[in-house]
Amino acid sequence: MDFVPAVQDELPLAETVEYSSVATSSLSAQFKRASVKLQRELLPIFHHKNSFLYLIETSQVVVLVGHTGSGKSTQLPQYLYEVGWCTNNKLIACTQPRRVAAISVAQRVAEEMDCAVGSTVGYSIRFEDMTSDKTKIKYLTDGMLLRELLVDPLLQRYSVIIIDEAHERTVYTDILLCVLKKVLKKRRDLRLIIASATLQAEEFVSYFEPAAKCMSIEGKLFPIDHLYLQEPTENYVTEAVKTILSIHQSEPDGDILVFLTGREEINSALQFIHDQSGSLQSTSRLLALPLYAGLSRAEQTLIFEPAPENSRKVILSTNVAEASVTIDGIVYVVDCGFVKLRYYDPKLKQDSLIMRPISKASAIQRAGRAGRTRSGKCFRLYTSAAAKSLENTTVPELQRVSLLEPIMSLKSLGIENIARIDLISPPSVKLLANDLELLHALGAIDSDARLTKPDGERMAELPIHPMMAKALLESSSKGCLDPMLTIAAMSCVDDVFVIPKNDKREADRRHREFMVDEGDHLTFYNVYQAFTNRGKQSSRWCTERYLNYTSLSQAVRIRAQLARYLSKFGIFIPSTSRQATPETIVRCLVCGYFSNAARMQANGSYNLVSASENGEPINVSAHPHSSMFSRSADWVIYMRILKLGAKNYIGGITKVERDWLVDSAPGYYKVKSTSKMYDKE
C-alpha cells in the first residue's frame, strides 16, 4: 500500500518544505504502522481471531488447519500476546521444522510489531540464539524446543506452545507431540496449538482426545493454473531453466519460484540462467537468487527484497520455500516434482539422502506459493498421469531415518522404554534395535539401555551427532582436544569448498593446498586454521581460495559454543599442551566412527565393513569432492553415504589402520582371519 505520496499531495507546499527530519520520520512510522495493520486485517485468519481466542481459553489443545496464506504462522502468536498470554513473565513458543523458516518468520513478526529481532520477538536455532530477557514471542526449531525440555521438563517458562507445519511430521515434531502430551497432564495452564497446512487434522485430534478441538481457516488463494508436461523430461534442471526463460519472455510481470532438490542443482541452474540470459529478447533482466539452508543471513535476506526496476526475480529453492517462508511477489511456480529425503537404508546401516517424488500434499503446497497476491501459474515438470500417481502424504520422518540423536534426547528426559512410548507413528522395532546396539558400542548406554555416566549424559547434551560427540569427549584424555574441537565444528557446516562450474581447474588447484594424506577431517582442520590465522577470517581471502566464507564463519561460532559446553562439563582446552599428532587425532575419530569403516579394493572403490547385501559386501566409491578421491588407503572411516542414482558414495573420509578399529570397539568387530573383518552381530 502506497500511503505516503497521497498524503503529501494534500499538504500545502510550505508545510512540506518546512518538515523537519524528525517530523518526516514520525509520519513515515505512522504510515508504516497503518499499512502493517491493514495488511494484518486482510489476512483470512483475522476474521476468525475471536473464535480462535475463545477456543484457546476453553480448550487445552487446539488443532488449527490453516491453508497456505491464511497467516497462521505470523498472526497466532501476536493475537495471544495482545490478549495477555505473556503476563507473569511467560513466553509463547512457535516451532518451525526448518531453521530458515524460524528466522524469516521471526523477522516478519518483529517488523509487524515494530521491534528489533531479539527483543520482544526472537528466534533460537542450533548454534544461534537471538533472544533476550525481553523476548515474549520465540520462534525456534522443533529440535531446539526438545533440548529446552532437558533443562525445563515442564516448560514452566511458556504459557502457549505452537507446533507449526505439523503436517511435515519431522522426527522432532512427532517426539515433541509425544512429550507434550505428558506435560499437558501435569500443567493444566499450558496451551498447545498444532497448526497444519493440510487436512490431516483427524490424526492429531484423535491423538490428544478428549482435550483437543479442531478449527479450520481458509487460505487467501487466488486462482492458479496448473500446467503439466506432455511427456516426461530426461533432465528436469534443464527443463526448469527452459521454463524460466519462456516465462520471462512470454508471461506478464511477476516473480518466479523454482523448486529443485539441492544445492548442486540450484548452482547448475543459476549458471545456465547466467549463460543464457544475455541472449534473451526481453526489455527486463532476470535476477536469479538461490535459497537453501546453508546460505548466509545476508544471502537469505536478498530473496525477500523487491526486484529492482526492469527486473524479474527468480528464486531457485529447495523445499525450504514449501511452507512458512512467504516471499511476496511470486506469481509463477516451477515444480520439478522431486525432493531429497533422508531414508535409513538397512543394508548400508546409514541414513542416505534419496531423491523421491514429492507427495500430493507437497505439490499443493508448492503450487500455493503462486496464488498469494494475484492469479498465478504452476508449471509442473511432470505429466498429469505422474501427478495422479503421487502418494497422498510423505512418510513421517520417524519411520524412515536413524534415531540415534532422538533416542539420546528421550533418555535424557527419563523416557527409557523407547519401544513402548505413545507416538503417533511408531518407528520400526528393527530400526530401534540397530540404533540401540550402536549407542551401546559407543558407550552412550549401558547393558540396561540407560545413559552412562558421565559420557552418555554428556553425549546427549552436546548438540552434535553422537559419533562426533564420542570422538570429541575421547580427545580430552588423548591430548588432542583443541584440533578435535575444530574438526567437530567443521563437521556441522556445509561444504567449505566452492567448486564453480566455469573455473573448476583453478578451484581444484587452490583446494589441494589444504589437503593432506590422512584425509578429509585433517584437511578441514587445515582449512579452518588457515582461515582464522593467515586469512584473519576475511571473506576476500576465502573468495581468492574458492572457500565458503559463510560456512567457515559459522564453524568459528560453533567451535566457541562447543567449547562452552565442554567447560560446563569441567573439560577445558589446555593453555599449553604437546602438539597433537595426526595419528592421535585420527584414533579419536575412530572411537566415534568405527562402525563407518570401509576397505579399499583393487579397482580403487571400497567395500563397507559392517554392511552387506545377501552376504556380499556393499561396494561404494569416494565422493569426487573428497580429498581421498584419488588417494590410496587400505582402510578408511567415513561420515556419510550419499546415494546418487544407482551409485553409493562416501564422504568425510579419513585413512585408518585396521587394528585401530578393533581396539576402539572390541565388542563390535571380530577378526575372522588376517585378511577379513566382519561385523560382530
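Here, the structure is the one placed above.
(A) Structural view of helix H8 (residues 171–186). Here H8 is 16 residues long and its end C-alpha atoms lie 24 Å apart, about the 22 Å a rise of 1.5 Å per residue gives. The buried count for H8 comes to 12 of 16 residues, which makes it a mostly enclosed element. Residues of H8 that are buried include every one of Val171, Thr173, Asp174, Ile175, Leu176, Leu177, Cys178, Val179, Leu180, Lys181, Val183 and Leu184, and no others.

(B) Inspection of the side chain of Glu397 at higher detail. Structurally, the position occupied by Glu397 is in the loop between helix H14 (384–388) and helix H15 (404–412). Here Glu397 falls in the buried class, since its relative accessible area comes to 16%. A polar contact is formed between the side chain of Glu397 and the backbone nitrogen of Val171, at a distance of 2.8 Å. Every residue in contact with Glu397, bar those within four places of it in the chain, is listed here: Arg169, Thr170, Val171 and Arg342.

(C) Representation of the packing of helix H18 (residues 466–478) against helix H19 (residues 481–490). Where H18 contacts H19, the two axes come as close as 8 Å, and the packing angle between them is 165°. Taken together, the axes of H18 and H19 are roughly antiparallel relative to one another. Between H18 and H19 lies a crossing of left-handed hand. In contact with Met468, Ala471, Leu472, Ser475 and Ser476 of H18, H19 contributes Leu481, Met484, Leu485, Ile487 and Ala488. Residue composition of the contact of H18 with H19, by class: eight nonpolar, two polar and no charged.

(D) View of the pattern of salt bridges. Taken as a whole and assessed by the stated rule, the structure comprises 33 salt bridges. For Glu461, the salt bridge identified is with Lys568, shortest N-O distance 2.3 Å. Of this pair, Glu461 sits in helix H17 (residues 455–461) while Lys568 sits in helix H23 (residues 549–568), and the two are 107 residues apart along the sequence. Judged by relative accessible area, which is 24%, Glu461 ranks as partly exposed. We note a salt bridge from Arg658 to Asp659, for which the minimum N-O separation is 3.5 Å. Taken together, the shared-partner salt bridges connect Arg40, Lys49, Glu82, Arg108 and Glu112 into one network.

(E) Just the packing of H8 against helix H9 (residues 201–208), in detail. Across the interface, H8 lies against H9 with an axial gap of 11 Å and an inter-helix angle of 35°. Like other packed secondary-structure pairs, H8 and H9 cross with a definite hand, here right-handed. Of the residues in H9, those touching H8 at Leu177, Cys178, Lys181 and Leu184 are Phe204, Tyr207 and Phe208. Looking at the contact of H8 with H9 residue by residue, the classes come out as six nonpolar, no polar and one charged.

(F) Here's a closer look at H19. H19 sits mainly inside the fold: nine of its 10 residues count as buried. Those residues of H19 that fall on the buried side of the exposure criterion are Leu481, Pro483, Met484, Leu485, Thr486, Ile487, Ala488, Ala489 and Met490. Buried residues in H19 make contact with H18, helix H21 (520–532), H23 and helix H24 (582–593).

(G) Spotlight on the environment of Gly329. Looking at the secondary structure, you find Gly329 in the loop between strand E12 (311–317) and strand E13 (330–335). Judged by its relative accessible area of 25%, Gly329 falls in the partly exposed class. In this structure the C-alpha to C-alpha distance between Gly329 and Ile256, which are 73 residues apart in sequence, comes to 8.4 Å. Among residues more than four places away in sequence, those in contact with Gly329 are Gly254, Asp255 and Thr373.

Here is what the cut-offs are and how they apply
Residues numbered from 1 in each chain as written. Predicted model: local features only at pLDDT ≥ 70, side-chain atom pairs only at ≥ 80, totals over all residues. Heavy atoms only, no water. Helix = DSSP H or I, 4+ residues; strand = E, 2+ residues; numbered from the N terminus. Expected span 1.5 Å × (residues − 1). Buried < 20%, exposed > 50% of the residue type's maximum accessible area, 1.4 Å probe, protein only. Polar contact = N/O pair within 3.5 Å; in protein donor to acceptor, adjacent residues only side chain to side chain. Contact = heavy atoms within 4.5 Å. Axes fitted to C-alpha atoms, helices over the stretch in contact; angles between N-to-C directions. Parallel < 35°, antiparallel > 145°, perpendicular 65-115°, else oblique. Left-handed = near helix turned anticlockwise from the far one by under 90°. Nonpolar A, V, L, I, M, F, W, Y, C, P; charged D, E, K, R; others polar. Salt bridge = Lys/Arg side-chain N within 4 Å of Asp/Glu carboxyl O.

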